[in-house]
Structures are given as structure tokens and as C-alpha cells.
Amino acid sequence: MSGTEKTKAATEQAKGKTKEALGRMTGNDRMTAEGHADQAKGDARQAKEKTKDAFRH
């Protein structure tokens, strides 16, 4: 996995977790959903890169 893609994935996951937690604390369902979506994007990016790495080796 390239370093920049790994960093992007981790950043999206952390941003999503923060957004989701803040949404839950404030009762903002939209922010909670956006946070969950950000986490999913980060997970997808990470999975894509791991798949690419598997085929390279």
C-alpha cells in the first residue's frame, strides 16, 4: 500500500469516527450518517490498496 493512500484512508476513517461521535453527542443524525459514510470511504480505499498490493507480490 502506498504511503499517501494509506494516510488518506486513515485520515478518512479518523475524520468519520470523529464526525459520527460528534453527531451522536449533539443528536445530529445527518452528521452521524456523514461520519459513518466517511469511515466507509476510508475502509473502501484501504481495501482497494490491499487488493492492489496482493496482486503486486
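The rules behind each value
- Residues numbered from 1 in each chain as written.
- Predicted model: local features only at pLDDT ≥ 70, side-chain atom pairs only at ≥ 80, totals over all residues.
- Heavy atoms only, no water.
- Helix = DSSP H or I, 4+ residues; strand = E, 2+ residues; numbered from the N terminus.
- Expected span 1.5 Å × (residues − 1).
- Buried < 20%, exposed > 50% of the residue type's maximum accessible area, 1.4 Å probe, protein only.
- Contact = heavy atoms within 4.5 Å.
- Polar contact = N/O pair within 3.5 Å; in protein donor to acceptor, adjacent residues only side chain to side chain.
- Salt bridge = Lys/Arg side-chain N within 4 Å of Asp/Glu carboxyl O.
- Axes fitted to C-alpha atoms, helices over the stretch in contact; angles between N-to-C directions.
- Parallel < 35°, antiparallel > 145°, perpendicular 65-115°, else oblique.
- Left-handed = near helix turned anticlockwise from the far one by under 90°.

1. Side note on helix α2 (residues 29-56)
Consideration 1: Taking 1.5 Å as the rise per residue, α2 with 28 residues should run 40 Å; its terminal C-alpha atoms sit 41 Å apart, in good agreement.
Consideration 2: Burial in α2 covers these residues: Thr 32, Gly 35, Asp 38, Gln 39, Gly 42, Glu 49 and Asp 53.
Consideration 3: Packing partners of the buried residues in α2 comprise α1 (3-26).
Consideration 4: One side-chain oxygen of the residue at the start of α2 lies 3.1 Å from the amide nitrogen of Arg 30, identifying that residue as Asn 28.

2. A few points about the pattern of salt bridges
Consideration 1: Counted according to the given criterion, the structure contains ten salt bridges.
Consideration 2: The shortest N-O distance in the salt bridge between Glu 34 and Lys 19 comes to 3.5 Å. Of the two residues, Glu 34 is situated in helix α2 and Lys 19 in helix α1; the sequence distance between them amounts to 15 residues.
Consideration 3: One salt bridge in this structure joins Glu 20 and Arg 24, with 2.9 Å as the shortest N-O distance. Pair noted here: Glu 20 and Arg 24 are both in helix α1, with a separation of four residues, about one helical turn.
Consideration 4: Judged by its relative accessible area of 13%, Glu 20 is buried.
Consideration 5: Under the relative-accessibility criterion, Arg 24 is labelled exposed at 60%.
Consideration 6: Taken together, the shared-partner salt bridges in this structure form one network comprising Lys 19, Arg 30, Glu 34, Asp 38 and Lys 41.

3. Some remarks on the packing of α1 against α2
Consideration 1: Where α1 contacts α2, the axes come no closer than 7 Å and their chain directions differ by 160°. Between α1 and α2, the crossing angle belongs to the class labelled roughly antiparallel. The two elements α1 and α2 cross, and the hand of that crossing is left-handed.

4. Some details on the environment of Leu 22
Consideration 1: For Leu 22, the position within the fold is in helix α1.
Consideration 2: Spatially, the C-alpha atoms of Leu 22 and Gly 35 are 8.9 Å apart, while their sequence positions differ by 13 residues.

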